[in-house]
Amino acid sequence: MKIIVTISRIFVGVLFILSGLIKLNDPVGFSFKLEEYFSPAVLDLTFFTPYALALAIFLVIFEVVLGVLLLLGYQKKITLWSLLGMIVFFTFLTFYSAYFNKVTDCGCFGDAVKLTPWESFTKDVVLLVLILLLFYGRKYIQPIFKAKTSIVILLVSLLACVLFVNQVINHLPSIDFRPYKIGANISEGMSVPADAPKAIFEYAWTFDVDGEQTTVVTQGEYPTVDGEFIEVETKEIQKGYEPPIHDFTIEEVGVDMAEQLLSEDNLVMVIAYDLAKSNYKVFQEVKDVTDIAISKGYKVIGMSASNEEWSSRVIDEYGLDFPFYFTDETTLKTIVRSNPGVLVLERGTIIQKVHYNDLDELLFLN
């Protein structure tokens with residue numbers, strides 16, 4: 001039993017630390033996921049939405065700290081109860097998401113590892129079993145260091161988490177797991193290989209045959225049935241290939257200009273997913289750097305999910321010399337964790353991506 005408890009302790013502790021660190025690398029992205037859970041369509045807890053980022057930071061640091069405490073064997077009673085409370089809550093959340101198909105990705109491992117709702121639920125059930133096992137064999141969980149040493153390690157871990165999260169919030173994630181990372185070509189990311197597997201659908205056709213309903217299942221072809229057609233239900237039984245980038249558009253009055261703009265030799269994108277929530281203090285600096293880019297022959301565009309009224313207001317107020325195009329808000333949030341943020345591209349390939357705090361690092365300024 002001691003060996004089983006020790007293995008479970010190491011597995012759970014390491015997994016909590018890794019999961020927490022991955023999300024700590026991108027707390028803004030995790031806050032977007034929490035906002036999705038808080039939305040009216042899911043849990044309808046919209047009063048938490050303004051605190052999503054603060055909650056995200058607290059949860060991921062708490063997750064790392066619990067993993068460290070478990071490995072140290074320090075304060076095991078508080079640690080085990082905290083682990084149990086957290087995993088019970090997330091098991092409920094992932095089951096709710098999976099059963100009602102509310103959130104298609106739990107964000108458990110950020111953008112590094114994508115899990116389906118049922119995979120997330122299964123993962124949490126396994127962790128729940130292991131944590132219950134740790135409760136049962138808690139007498140075998142002994143501290144590996146003296147109390148003072150454990151406290152020092154805990155405080156160092158906590159300080160490291162705080163410093164790291166401060167860095168990534170005020171700049172950008174240290175590791176970019178998204179399809180819009182530096183070096184990625186957006187056009188190539190949207191392409192589908194000729195030999196890519198295609199989705200397979202199952203069709204359940206219902207007919208009225210001599211006063212009785214008869215259902216015939218096919219994989220697309222219309223069945224030959226001597227009866228009156230009533231309805232058909234479609235079910236995807238095998239997913240097809242989905243390119244890494246599948247929802248990217250740059251729209252002007254409903255026309256997608258992405259292909260044309262991504263063919264530009266030198267393109268600067270100023271991205272503000274929601275102009276109403278942007279940091280206005282930096283738009284003067286945005287104007288300065290974009291004016292320099294334009295003078296050096298760069299094509300400069302703005303991209304936002306805000307309406308024309310908001311884009312016109314920002315353009316007029318700050319004297320911006322470039323137009324704004326419409327792009328889906330979720331896509332813009334995925335591209336860069338900064339509002340606004342700036343990308344530099346060469347024929348669709350992302351050469352540089354910066355937070356608004358790092359505008360002075362843009363290549364064309366040097």
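Residues numbered from 1 in each chain as written. Predicted model: local features only at pLDDT ≥ 70, side-chain atom pairs only at ≥ 80, totals over all residues. Heavy atoms only, no water.

Caption draft 1: The overall build of the chain, seen in detail. Helix and strand counts for the chain stand at 11 helices and 10 strands. Across the chain, every contact between residues at least 6 apart in sequence was considered, and the portion connecting residues at least 24 apart equals 70%. Of the roughly 19600 Å² of accessible surface on the chain, 59% is carried by carbon and sulfur atoms. Of the charged side chains in the chain, 28 are positive and 45 negative, and the gap between their average positions amounts to 18 Å. (Helix = DSSP H or I, 4+ residues; strand = E, 2+ residues; numbered from the N terminus. Contact = heavy atoms within 4.5 Å. Areas by Shrake-Rupley, 256 points an atom, 1.4 Å probe, with all protein chains shown as cover. Lys, Arg positive; Asp, Glu negative; His and termini not counted. Charge placed at Lys NZ, Arg CZ, Asp CG, Glu CD.)

Caption draft 2: A look at the packing of aromatic side chains. In total, this model carries 21 aromatic pairs according to the counting rule given. When the ring of Trp205 is compared with that of Tyr222, the centres are 5.0 Å apart and the planes differ by 75°; the resulting orientation is edge-to-face. Taken together, the residues span a long stretch of sequence, with Trp205 in strand E1 (residues 200-209) and Tyr222 in the loop between strand E2 (212-218) and strand E3 (228-238) at a distance of 17 residues. Accessibility expressed as a relative area gives 10% for Trp205, which makes it buried. Of the aromatic side chains, those joined through ring pairs into one cluster are Tyr203, Trp205, Phe207, Tyr222 and Phe229. (Phe/Tyr/Trp six-rings, centres within 6.5 Å; stacked < 30°, edge-to-face > 60°. Buried < 20%, exposed > 50% of the residue type's maximum accessible area, 1.4 Å probe, protein only.)

Caption draft 3: Inspection of the nonpolar core at higher detail. In this structure, Phe248, Ile250 and Met269 are the most contacted members of the largest nonpolar core, which totals 25 residues. Going through the elements one at a time, helix H2 (27-38), helix H8 (258-262), strand E6 (267-271), strand E7 (299-304), helix H11 (329-335) and strand E9 (341-346) are the ones with two or more residues in this core. Counting 21 residues, the second-largest nonpolar core is a separate cluster that includes Ala293, Val300, Tyr318 and Leu362. (Core = buried A, V, L, I, M, F, W, Y, C linked by side-chain atoms within 4.5 Å.)

Caption draft 4: Here's a closer look at helix H1 (residues 2-24). In this model, H1 (23 residues) spans 32 Å end to end at C-alpha, consistent with the 33 Å of a helix rising 1.5 Å per residue. For H1, the complete set of buried residues consists of Val5, Ser8, Arg9, Val12, Gly13, Leu15, Phe16, Ile17, Ser19, Gly20, Lys23 and Leu24. Its buried side turned inward, H1 meets H2, helix H3 (52-72), helix H4 (76-100), helix H5 (117-136) and helix H6 (147-170). (Expected span 1.5 Å × (residues − 1).)

Caption draft 5: Molecular detail of the environment of Leu362. Here Leu362 shows up in the segment after strand E10 (349-355). A relative accessible area of 0% means that Leu362 is categorised as buried. Residues Leu362 and Leu343 lie 19 residues apart in sequence; the distance between their C-alpha atoms is 8.8 Å. Leu362 has contacts with Val289, Val342, Val344, Gln352 and Val354, leaving out every residue within four places of it along the chain.

Caption draft 6: Broad picture of the side chain of Asp176. Position of Asp176 relative to the elements: it lies in the loop between H6 and helix H7 (186-190). Looking at Asp176, the relative accessible area reads 19%, which means it is buried. In terms of polar contacts, Asp176 uses its side chain to reach the side chain of Arg178, at 3.0 Å. Engagement of the side chain of Asp176 in a polar contact is seen with the side chain of Lys353, the distance being 2.7 Å. (Polar contact = N/O pair within 3.5 Å; in protein donor to acceptor, adjacent residues only side chain to side chain.)

Caption draft 7: Region of interest: the sheet that holds E1. The antiparallel open sheet is built from three strands, whose spatial order is E2-E1-E3. A strand with exactly one partner marks an edge of an open sheet, and here the two such strands are E2 and E3. Strand after strand, the sheet turns through a mean of 20° between neighbouring axes, direction not considered. (Pairing = 2+ DSSP bridges. Axes fitted to C-alpha atoms, helices over the stretch in contact; angles between N-to-C directions.)

Caption draft 8: Seen up close, the pairing of E7. Across the six residues that make up E7, a large majority, five, are buried. At this point the chain moves from E6, through helix H9 (residues 283-295), to the parallel E7, and the crossover so formed is right-handed. Relative to strand E8 (residues 324-326), E7 runs parallel, the two being bridged by three bridges. Within E8, the residue paired with Gly302 across the bridge is Phe324. (Right-handed = clockwise from strand over helix to strand, strands pointing away.)

Caption draft 9: The arrangement of the confidence of the model for the chain in detail. Mean pLDDT over the chain: 90, with 99% of residues reaching 70 or higher. Looking across the chain, the model is least confident in E3, with a mean pLDDT of 85, and most confident in E6, with 97. (pLDDT = per-residue confidence, 0-100.)

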